[in-house]
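Results of the structural survey
The residues making up each chain are set out below.
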Amino acid sequence: MSNNHNHNHLPNGESEPLIRQPLLSSQRSIINSTSQVAIVGANVCPIESLDYEIFENEFFKQDWRSRGVVQIFQYICMKWLLCLMIGIIVGFIGFCNNLAVENLAGIKFVITSNMMLERRFPLAFVIFFASNLILTLFACIITAFIAPTAAGSGISEVKAYLNGVDAPGIFTVPTLFVKIIGSITAVSSSLLVGKAGPMVHTGACVASLLGQGGSKRYGITWRWLRFFKNDRDRRDLIVCGSAAGIAAAFRAPVGGVLFALEEMASWWRTALLWRAFFTTATVAIFLRAMIDVCLSGKCGLFGKGGLIMFDAYSSSISYHLADVPLVFILAVIGGLLGSLFNFMTNKVLRMYNVINEKGIICKLLLASLISIFTSCILFGLPFFASCRPCPADAVEPCPTIGRSGIYKKFQCPPHHYNGLASLVFNTNDDAIKNLFSMKTDNEFELSSMLIFFIICLFLSIISCGIVAPVGMFVPIIVTGASYGRMVGILVGKRTNLCDGLYAVLGAASLLGGSMRTTVSLCVIMLELTNNLLLLPLIMMVLLVSKSVANVFNANVYDLIMKAKGLPYLETHAEPYMRQLTVGDVVTGPLQVFNGIEKVRNIMFILRTTTHNGFPVIDEPPRLEAPVLFGIILRDHLITLLKKKAFLPTPAANNYEVLRQFSSDDFAKKGSTKRMKIEDIHLTEEEMGMYIDLHPFTNASPYTVVETMSLAKALILFREVGLRHLLVIPKIPGRSPVVGILTRHDFTPEHILGMHPFLVRSRWKRLRFWQTFLEKILSGL
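Procedures and definitions
Residues numbered from 1 in each chain as written. Predicted model: local features only at pLDDT ≥ 70, side-chain atom pairs only at ≥ 80, totals over all residues. Heavy atoms only, no water. Helix = DSSP H or I, 4+ residues; strand = E, 2+ residues; numbered from the N terminus. Contact = heavy atoms within 4.5 Å. Areas by Shrake-Rupley, 256 points an atom, 1.4 Å probe, with all protein chains shown as cover. Phe/Tyr/Trp six-rings, centres within 6.5 Å; stacked < 30°, edge-to-face > 60°. Buried < 20%, exposed > 50% of the residue type's maximum accessible area, 1.4 Å probe, protein only. Lys NZ or Arg CZ within 6 Å of the ring centre and 35° of its normal. 1 Å grid on protein atoms, 1.4 Å probe; cavity = no way out; pocket = protein on both sides within 12 Å on 5 of 7 lines; lining within 4 Å. Points joined across faces, edges and corners; volume = space filled by probe spheres on them. Pairing = 2+ DSSP bridges. Axes fitted to C-alpha atoms, helices over the stretch in contact; angles between N-to-C directions. Lys, Arg positive; Asp, Glu negative; His and termini not counted. Salt bridge = Lys/Arg side-chain N within 4 Å of Asp/Glu carboxyl O. Polar contact = N/O pair within 3.5 Å; in protein donor to acceptor, adjacent residues only side chain to side chain. Core = buried A, V, L, I, M, F, W, Y, C linked by side-chain atoms within 4.5 Å. Patch = residues over 30% accessible without salt bridge, like charges linked within 9 Å, V, L, I, M, F, W, Y side chains within 5 Å. Parallel < 35°, antiparallel > 145°, perpendicular 65-115°, else oblique. Left-handed = near helix turned anticlockwise from the far one by under 90°. Nonpolar A, V, L, I, M, F, W, Y, C, P; charged D, E, K, R; others polar. Right-handed = clockwise from strand over helix to strand, strands pointing away.

**So, the overall build of the protein**
- Of regular secondary structure, the protein possesses 26 helices and 16 strands.
- In the protein, 77% of the contacts between residues at least 6 apart in sequence involve partners at least 24 apart.
- When the accessible surface of the protein is totalled, it reaches about 31600 Å², and 64% of it is carbon and sulfur.

Structural data, given as structure tokens:
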């Protein structure tokens, strides 16, 4: 028998909703038991699953049969039109984000630099410190009070959604608003955070809102957009939105498509590839047009568009076979640093959760302390760096005054610059440009690069967990670039590669070691640097760093998903799943309905359970033996009760019942408030009537026999995108359905909780290999 809703099973046999325990309880080993917002200390709420299977009941079939050629053509054209709209909107948001960050941060740096030129250092620090604190607090306040789900990168939530996890509130209008404004102010506050991850979430929000025709709650609706009434169509649009987000953040259209394919989407097909490519191409064309506007000087003092103007390597480069060993060593160390970054980030986020759970005041205090500490570090450390004379062949005016650039004067005398200040007194985008730039091998000292690398690694780890829309993509690039540049300085003349190229390879190695993607990151780095000659080296670096880091832990987004309690299903089955059958993990009680059911029984079951799917069975005298007819959803039952599609006698009357409904009645409601069973009020006479469930039941559900291996069932469940998988008996004559498998039944916590001997057997295997390796090493 199966409990067909996500539940944890307590030792006393009681059932508790899966997502209702705090992330870090007294038992620190317990994970996967909180909401997607618990990492920022928000209120815990249950997580539902999505059903990417088309629910083929009689009503759905009749609705499709009634559609003409014009309606089908309109449906297809609307998909392409929405992709075009997503591309334009996300491209515009990405451009405005870059513009706002460059100008906000630029004004702050100009005012601070002017005070420094006048030797008014205390006032300069006060301005720098106060502006950073105000910007940080603003981002955190709007996040904590308006949309807690907007905190963090958002990539983990979108990735989980595309896997089938419906985390509440992640695609609402407030989330979109806070994601945009909060990301701008947080990145402008000199925190070592990025805007690429929030752009992915922003693109997904735009796609979700367009796919459901807007938001009824805020009066932003478009009836002509309401063509997509199921999870599958909206999932495809959100994939396109996430690809557009990466394309807008890095001006990398092909990289955006590949990132959505490699990292985000759990399900892919050729038609989706074409639409995602069309969306990112729209983004690229729109950004190119906006860049032309900026080149004419109409985008403000610092408004050059950030990373979307990132043509670092338009000239040719050369390298030889003798350079490969050095690059290989760089990649190995980059993989180790990436796994260390993931480990420390996971620990810091869990520690922050303990603080954030204490309330909003604690969240704001934590963010304030990080902002104050960051300001002190960034302003104070350049004083300990030495001043260097301006090079005679400088690629730009030296020192740089009144704008961004490589040569920052800071406290230095005339015609000198401070190398460390040139990196920390710029936006992250400009720091990356400085590190990646060619013909600047002698511009930065080894001591400055070492200090900057340590600053970046430390600040990026402690800054990513604040209650604000902050990403990790750009901080990892900055940290990796400083690491690579430091390697380039160390090897000096013993290589044919310049320091800027080592910075590119260092960024690629840390990205590969942390995010564990290869193809998409390779293309993104090539689109950033605008040079295909880097392809072989970047490919090797990503492969090596990813392989090294995989030995130690998972990629950073998977670790965050696990910490947030998002029940993500992996592409592979664990070995112990092949030792179990589906009958070993289903639990009861199972609630079923007859094909023609009494209203009173439906009301009672819906009020006393939280199940989302119910088997429908035809029994004698209608048939000779009980037969499984199909499965019906909770939302559909509530719709039938709301419309009062009742029959006075238990007799089938399909045609008359179907005429009472339209396709909108059974459409997925998106992020709007759903009807609850508590909102249904019936008279005693109505409670004694009947409902014919046959026309609204999916008569062709996916089923597996109870002796199927759990690993095989997992592959079917994930690849088809199911929410419910019916388990039928091996031997006829018993009940026609044994239970229902849901997402929760495939989680390691549930399986190993029911079968603890599997945990012991896993430890035995580990102990065997440990002893085996010890004997080999002792023999050597």
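Now that the structure is up, let's keep going.
**Details of the packing of aromatic side chains**
- Inspection of the entire model under this criterion finds 18 aromatic pairs.
- Ring geometry for phenylalanine 250 versus phenylalanine 473: centroids 5.0 Å apart, planes at 55°, classification tilted. Residue phenylalanine 250 is found in helix α7 (residues 231-250), and its partner phenylalanine 473 is found in helix α15 (residues 473-491); the two are separated by 223 residues along the sequence. A single burial state applies to phenylalanine 250 and to phenylalanine 473, both of which are buried.
- When the ring centre of phenylalanine 109 is taken as reference, the NZ or CZ atom of lysine 108 above it lies at 4.8 Å.
- Here arginine 232 stacks its cationic end above the ring of tryptophan 267, 5.7 Å away from the centre of that ring.

**A closer look at empty space enclosed by the protein**
- Across all of its chains, the model carries seven cavities of 30 Å³ or more by this definition.
- When its volume is computed, the largest cavity comes out at roughly 200 Å³.
- For the largest cavity, the lining is made up of 21 residues, of which Ser190, Leu192, Val424, Asn426 and Asn428 are closest to its centre.
- Those elements giving two or more residues to the lining of the largest cavity turn out to be α2 (69-117), α5 (173-188), α12 (419-424), α13 (428-436) and α14 (446-463).

**Some details on the sheet that holds strand β15 (residues 725-728)**
- Taking strand neighbours across the sheet as the criterion, the three strands line up as β14-β15-β16 in an open arrangement whose pairing is mixed. On the outer flanks of this sheet lie β14 (703-705) and β16 (739-741), each paired with one strand and no other. Averaged over all neighbouring strand pairs, the angle between strand axes comes to 35°, with direction disregarded.
- As judged from the three bridges shared by β15 and β16, these two strands associate in the antiparallel manner. Within the sheet, the bridge partner assigned to leucine 725 lies in β16 and is leucine 741.
- On top of the sheet, helix α24 (residues 710-720) reaches β14, β15 and β16; it is set at about 145° to β15, its chief contact.

**Quick look at the side chain of arginine 718**
- With respect to the helices, strands and loops of the structure, arginine 718 is situated in helix α24.
- For arginine 718, which is buried and forms no salt bridge, the nearest opposite charge comes from glutamate 570, at a distance of 5.9 Å.
- Excluding its chain neighbours within four sequence positions, the residues that come into contact with arginine 718 are Asn163, Ser266, Tyr568, Leu569, Glu570 and Thr571.

**Notes on the side chain of lysine 195**
- In this fold, lysine 195 is placed in the loop between α5 and α6 (196-211).
- There is a polar contact of 3.3 Å between the side chain of lysine 195 and the side chain of asparagine 98.
- Excluding residues that lie within four positions of it along the chain, lysine 195 makes contacts with Asn98, Val101, Ser183, Val187 and Asp429.

**Quick look at the nonpolar core**
- Phe250, Phe436, Phe452, Phe473, Leu505, Met525 and Ile538 are the most contacted members of the largest nonpolar core, which totals 155 residues.
- Per element, the largest residue contribution to this core is 13 residues, and it comes from α2.
- Residues contacting phenylalanine 452, with those up to four places away along its chain left out, are Leu420, Leu423, Val424, Ala431, Leu435, Val478 and Ser482.

**Describing a nonpolar patch on the surface**
- Nonpolar side chains collect at one region of the surface, where Ile72, Ile76, Trp80 and Trp274 lie side by side and expose about 410 Å² of accessible area between them.
- Topologically, isoleucine 72 is positioned in helix α2.
- Here isoleucine 72 falls in the partly exposed class, since its relative accessible area comes to 34%.

**Quick look at the sheet that holds strand β11 (residues 613-618)**
- Spatial ordering of the open sheet is given by β9-β11-β12, a layout of three strands whose pairing is mixed. Looking at which strands have only one partner, the edges of the open sheet turn out to be β9 (593-594) and β12 (627-633).
- Strand direction decides the pairing type here: β11 and β12, joined by six bridges, are antiparallel. Within the sheet, the bridge partner assigned to phenylalanine 614 lies in β12 and is isoleucine 632.
- The sheet contacts of helix α21 (residues 634-643) involve β9, β11 and β12, and relative to β12 the element is tilted by about 80°.

**A look at the packing of α15 against helix α16 (residues 499-515)**
- Remark: α15 packs on α16, axes separated minimally by 6 Å, with the N-to-C direction vectors making an angle of 135°. In terms of their interaxial angle, α15 and α16 are classed as oblique. Handedness of the α15/α16 crossing: right-handed.
- When the residues that make up the contact of α15 with α16 are grouped by side-chain class, the tally is 14 nonpolar, eight polar and two charged.

**Some remarks on the pairing of β15**
- Sheet topology places β14 next to β15; three bridges connect them, and they run parallel. Directly across from valine 704, in β15, lies its bridge partner valine 727.
- Regarding topology, α24 serves as the crossover connection from β14 to the parallel β15, and that connection is right-handed.

**Some points on unusual backbone geometry**
- In this model, serine 190 sits at a positive phi of 70°, which is unusual for a non-glycine residue.
- Relative to the elements of secondary structure, serine 190 occurs in the loop between α5 and α6.
- One non-glycine residue, arginine 251, lies in the positive phi region at around 50°.
- Residue position: arginine 251 is located in the loop between α7 and α8 (253-264).
- A residue is classified by how much of its surface remains accessible, and arginine 251, at 18% relative accessible area, is buried.

The quantities given are spatial measurements derived from coordinates; they are silent on function.
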